[in-house]
2 protein chains.
Amino acid sequence: MQRPGSSSPSCSSTSRCFPLTHLAAARCGSETAAEAEKREVRAHSTPPEPSRMRSIVIFYSCYLSCLCLGLACVACVCVWFSQWRGGFAWDGSPLQFNWHPVLMVTGLVVVYGIGAVLYRIPLTWGQNKLPWKLLHAALMLVALVLSIVGLCAVFDNHNHSNIPNLYSMHSWIGIAATALFATQWVFGVAGFLLPCSPISLRKLLKPVHVWFGGTILLLSIAACISGINEKLFFTLKGNATGTQPYSKLPPEAVLGNSLGVLIVAFGLVVLKILSNPEWQRPDSRPEDFAYAPLIHEDNE
Amino acid sequence: MQRPGSSSPSCSSTSRCFPLTHLAAARCGSETAAEAEKREVRAHSTPPEPSRMRSIVIFYSCYLSCLCLGLACVACVCVWFSQWRGGFAWDGSPLQFNWHPVLMVTGLVVVYGIGAVLYRIPLTWGQNKLPWKLLHAALMLVALVLSIVGLCAVFDNHNHSNIPNLYSMHSWIGIAATALFATQWVFGVAGFLLPCSPISLRKLLKPVHVWFGGTILLLSIAACISGINEKLFFTLKGNATGTQPYSKLPPEAVLGNSLGVLIVAFGLVVLKILSNPEWQRPDSRPEDFAYAPLIHEDNE
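Residues numbered from 1 in each chain as written. Chains lettered and ligands numbered in written order. Predicted model: local features only at pLDDT ≥ 70, side-chain atom pairs only at ≥ 80, totals over all residues. Heavy atoms only, no water.

The name an unreviewed UniProt entry gives chain A is Lysosomal membrane ascorbate-dependent ferrireductase CYB561A3, with Anabas testudineus as the organism. Regarding chain A, the relevant UniProt record gives this comment under Catalytic activity (unreviewed entry): "Fe(3+)(out) + L-ascorbate(in) = monodehydro-L-ascorbate radical(in) + Fe(2+)(out) + H(+)". UniProt, in its Cofactor (unreviewed entry) section for chain A, records the words "heme b". (UniProt positions renumbered as here; feature names shortened; annotations may be inferred.)

Engineer: Please provide a residue-by-residue account of the overall build of chain A, values included.
Structural biologist: In terms of helices and strands, chain A carries ten helices and zero strands. Burial status across chain A gives 52% buried among its 300 residues. Within chain A, counting contacts between residues at least 6 apart in sequence, those at least 24 apart form 73% of the total. On chain A, roughly 13,000 Å² of surface is accessible, and the fraction owed to carbon and sulfur atoms is 70%. (Helix = DSSP H or I, 4+ residues; strand = E, 2+ residues; numbered from the N terminus. Buried < 20%, exposed > 50% of the residue type's maximum accessible area, 1.4 Å probe, protein only. Contact = heavy atoms within 4.5 Å. Areas by Shrake-Rupley, 256 points an atom, 1.4 Å probe, with all protein chains shown as cover.)

Engineer: Summarise the nonpolar core; cite the residues concerned and give the values.
Structural biologist: Ranked by internal contacts, the top residues of the largest apolar core, which has 124 residues, are Ile-263 of chain A together with Ile-263 of chain B. Beyond its immediate chain neighbours, meaning those up to four positions away, Ile-263 of chain A contacts Cys-73, Val-105, Val-109, Ile-221, Cys-224 and Ile-228 of chain A. (Core = buried A, V, L, I, M, F, W, Y, C linked by side-chain atoms within 4.5 Å.)

Engineer: Residue-level account of the pattern of salt bridges, with values.
Structural biologist: All names here are of chain A. Under the definition given, this model contains four salt bridges over all chains. For Glu-252, the salt bridge identified is with Arg-85, shortest N-O distance 2.8 Å. Note that Glu-252 is positioned in helix α9 (residues 251–275) and Arg-85 in the loop between α3 (50–84) and α4 (94–97), a separation of 167 residues in sequence. (Salt bridge = Lys/Arg side-chain N within 4 Å of Asp/Glu carboxyl O.)

Engineer: Now, about the side chain of Gln-184 of chain B: what can you tell me, with residues and values included?
Structural biologist: Residue and element names in this part refer to chain B. Turning to its location among the elements, Gln-184 is positioned in helix α7 (residues 169–193). Given the relative accessible area of 13%, Gln-184 is considered buried. Look past the residues within four positions of Gln-184 in its chain and what remains in contact with it is His-209, Phe-212, Gly-213 and Ile-216.

Engineer: Give a description of the UniProt feature "transmembrane region" (unreviewed entry) in chain A that names residues and reports values.
Structural biologist: Residues and elements named next belong to chain A. The UniProt feature table records "transmembrane region" (unreviewed entry) at residues 57–82, 102–122, 134–155, 175–196, 208–228 and 254–275. Across residues 134–155, helical content stands at 100% and strand content at 0%; the span's end C-alpha atoms are separated by 31 Å. Within residues 254–275, the helical portion is 100% and the strand portion 0%, while the C-alpha atoms at the span's ends are 31 Å from each other.

Engineer: Please set out helix α6 (residues 129–160) of chain A residue by residue, giving values where relevant.
Structural biologist: For α6 of chain A, which comprises 32 residues, the first-to-last C-alpha distance of 46 Å matches the rise-based estimate of 46 Å (1.5 Å per residue) to within 8%. Capping the start of α6 of chain A is the job of one residue whose side-chain oxygen sits 3.1 Å from the backbone nitrogen of Leu-130 of chain A: Asn-128 of chain A. (Expected span 1.5 Å × (residues − 1). Polar contact = N/O pair within 3.5 Å; in protein donor to acceptor, adjacent residues only side chain to side chain.)

Engineer: Residues and numbers for the packing of aromatic side chains, please.
Structural biologist: Tallying each qualifying case throughout the model produces 22 aromatic pairs over all chains. Both rings, one in Tyr-246 of chain A and one in Tyr-167 of chain B, keep their centres 5.2 Å apart while their planes meet at 80 degrees; by these two values the pair is edge-to-face. Within this pair, whereas Tyr-246 of chain A is found in the loop between α8 (199–235) and α9, its partner Tyr-167 of chain B is found in the loop between α6 (129–160) and α7, the two belonging to separate chains. The two residues Tyr-246 of chain A and Tyr-167 of chain B agree in class, both being buried. (Phe/Tyr/Trp six-rings, centres within 6.5 Å; stacked < 30°, edge-to-face > 60°.)

Engineer: Pulling in residues and values, what's your account of a nonpolar patch on the surface?
Structural biologist: Residue and element names in this part refer to chain A. Where nonpolar side chains cluster on the molecular surface, the patch consists of Trp-90, Leu-141, Val-145 and Val-149 and spans about 340 Å² of accessible area. Position of Leu-141 relative to the elements: it lies in helix α6. For Leu-141, a relative accessible area of 37% gives the class partly exposed. (Patch = residues over 30% accessible without salt bridge, like charges linked within 9 Å, V, L, I, M, F, W, Y side chains within 5 Å.)

Engineer: Any details on the packing of α7 of chain B against helix α8 (residues 199–235) of chain B? Residues and values, ideally.
Structural biologist: Two numbers describe a pair of packed helices, the interaxial angle and the distance between the axes. All names here are of chain B. One can describe the packing of α7 onto α8 by two numbers: an axis separation of 8 Å at closest approach and a directional angle of 155 degrees. Between α7 and α8, the angle is such that the two are roughly antiparallel. Here α7 and α8 pass one another in a crossing that is left-handed. Its residues assigned to classes, the contact of α7 with α8 shows 13 nonpolar, eleven polar and three charged. (Axes fitted to C-alpha atoms, helices over the stretch in contact; angles between N-to-C directions. Parallel < 35°, antiparallel > 145°, perpendicular 65-115°, else oblique. Left-handed = near helix turned anticlockwise from the far one by under 90°. Nonpolar A, V, L, I, M, F, W, Y, C, P; charged D, E, K, R; others polar.)

Engineer: Tell me about the environment of Met-140 of chain A, and please be specific about residues and values.
Structural biologist: All names here are of chain A. With respect to the helices, strands and loops of the structure, Met-140 is situated in helix α6. In this structure the C-alpha to C-alpha distance between Met-140 and Trp-185, which are 45 residues apart in sequence, comes to 7.2 Å. Sequence-distant contacts of Met-140, defined by excluding residues within four places in its chain, comprise Tyr-112, Gly-115, Ala-116, Phe-181 and Trp-185.

Engineer: Tell me about the side chain of Glu-230 of chain A, and name the residues and values.
Structural biologist: Summarising the element assignment, Glu-230 of chain A is placed in helix α8. It is Lys-231 of chain A that comes nearest to the buried, bridge-free Glu-230 of chain A among opposite-charge side chains, at 8.8 Å. In this view, Glu-230 of chain A contacts Ser-168 and His-170 of chain A together with Asn-229 and Phe-233 of chain B; residues no more than four positions away in its chain are not counted. (Lys, Arg positive; Asp, Glu negative; His and termini not counted.)

Engineer: Give me the confidence of the model for chain A: which residues, what numbers.
Structural biologist: Residues and elements named next belong to chain A. Averaged over chain A, the pLDDT score is 83; the fraction of residues at 70 or greater is 78%. Residue range residues 1–36 is modelled with pLDDT below 50. Its contacts to residues more than four positions away, or to other chains, number 100 contacts. A low-confidence stretch, residues 38–45 (pLDDT under 50), is modelled with 13 contacts involving residues beyond four sequence positions or located in other chains. (pLDDT = per-residue confidence, 0-100.)

Engineer: Summarise helix α5 (residues 99–116) of chain A; cite the residues concerned and give the values.
Structural biologist: Residue and element names in this part refer to chain A. Helix length check: α5, at 18 residues, gives a terminal C-alpha distance of 23 Å against a target of 26 Å (1.5 Å per residue), a fit within 8%. The principal kink in α5, of about 30 degrees, is found at Thr-106. With respect to burial, α5 is a largely interior element, 16 of its 18 residues being buried. (Bend = angle between axes of the 7 residues up to and from the residue.)

Engineer: Can you lay out unusual backbone geometry for me, pointing to particular residues and giving the numbers?
Structural biologist: All names here are of chain A. In this structure, Leu-166 is a non-glycine residue whose phi angle is positive, near 55 degrees. Its location among the elements puts Leu-166 in the loop between α6 and α7 (169–193). On the accessibility criterion, Leu-166 (39% relative accessible area) is partly exposed.

Engineer: Can you lay out the environment of Pro-164 of chain B for me, pointing to particular residues and giving the numbers?
Structural biologist: For Pro-164 of chain B, the position within the fold is in the loop between α6 and α7. Overall, Pro-164 of chain B belongs to the partly exposed group, its relative accessible area being 36%. Residue contacts for Pro-164 of chain B: discarding those within four places in its chain leaves Ser-247 of chain A together with His-158 of chain B.

Engineer: Please give an account of the environment of Tyr-167 of chain A that cites residues and values.
Structural biologist: Take Tyr-167 of chain A: its relative accessible area is 11%, and that puts it in the buried class. Once residues lying within four places of it in the same chain are set aside, the contact partners of Tyr-167 of chain A are Trp-172 of chain A together with Phe-233, Tyr-246, Ser-247, Leu-249 and Asn-257 of chain B.

Engineer: Break down the state of the cysteines for me, citing the residues and quoting the values.
Structural biologist: Residue and element names in this part refer to chain A. For the structure on display, the rule yields zero disulfides over all chains. Left unpaired, Cys-73 is separated from the closest cysteine sulfur, that of Cys-76, by 7.4 Å. Judged by its relative accessible area of 0%, Cys-73 falls in the buried class. As a non-bridged cysteine, Cys-224 has Cys-73 as the owner of its nearest cysteine sulfur, 8.4 Å distant. (Disulfide = S-S within 2.5 Å.)

Right, here's the structure in full:
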């Protein structure tokens, strides 16, 4: 017996469960530009329903918040280390250390988070997936390079000042995040961009890739919070350097704490976008895999 | 036209997309014990398919890991503060502070995490939902009380020793996590346990409740990592107290860092269980809401 609410057998589960799914799934790679264009025209000519529109408006509000919070994080960390900590250099001095927080926050948090939610932008769904895959990989490469240079900055400064490396909780979590990120990038390129990678491997790899993506972000947020905490305790001691102690919450401490709050807020918005099934690119949803006949999956 | 793979219109999307969904959804509250028992017998008499079995086995492996990691976290934090930091007291001394990490890790991380994944246990799906709701609320109340007592311990110790409160990044994130948790518990009881709460409110509240649940866990993990980092820097200074400095990684530092790694691993397993749609209690899935006629939702 047909279940109430399922008006027609031809109406797939996905199109009813997820309000944005009417936009046809752009299959990766070998789809022609004409096919993608046709689908885009079809998608845009369909009058949007209120629930679909609401979902799109909420998505773009989250996405805009994500961009604004990311920009605020980068501005905050740059102002902190340029105005309060003397600026930047690459000479083994504490000024070289200053690149570490700036590059880690910019790379491992902000560029990483913006790269992670790229596929969720509904505007990209009616288009060929390959250029978006390349942009996703390129953004992640930028994030990875920034993170590695950020790590080099702190190792170089530590070695120059005879400070031991990799003993604190902050460093353990941070190095784990960067190592996982590098592994994730290599497996991502090998699994999703190399033409020789079989569809069965991609289907197996995708949920693992998505889950590790969230894990890396969680680790990088934990590393940032502990790093900010540690830096403020180290530098704001109220001693001969003339700084007020951290416990008195001088302006630098408020700025550092605010940076932490912004990073947490940014991470939560990114995780919110990643975890909402309505905002998954239609051809990335498990329902789509479950329904699509094998012949349609060639280009995934 | 019927889509390939959708063999019959009567077969709901959920039952094909999610291998565990054949277990009928136990509606909350007013379902009779006999009805629940019948469903359970039906569910257990259906021979399990390989994919369903695989999903169940993976779930229980994750759940067992979650329990073992939680136990390891509690053991680790208890050993650290009883063996290395002099044990416990409630007299305003540093021994009172020692209750803080023990109670926060036990309450805000371990009991909270175990309470959060309760509905995901497939064994509970064939049963009346109300007792599980009550157990979920009770576990969360235990977690909340432990967290509040843990906060009292540190405030009391700080006030006794004239140490300022709530200035560090660690304290900001930790207090935000506990405040959100208290709010979440009150709204959870009001929204999901009070009989007068309308079904429309429950449907509206559920995704918010689930999302804030993950957010609180993320905040508590970030607070724990920064707290462990801070504690180890404060206590392992290699000064007159005879301790080796943190940078030499003495046994206490390795134990503290390992506790941090265990907490992160526990959090990741809990978030993995929460985020997998296959492991959602069938009547909690959005697909179920989309399909279920209003008359069937009375008991949600």
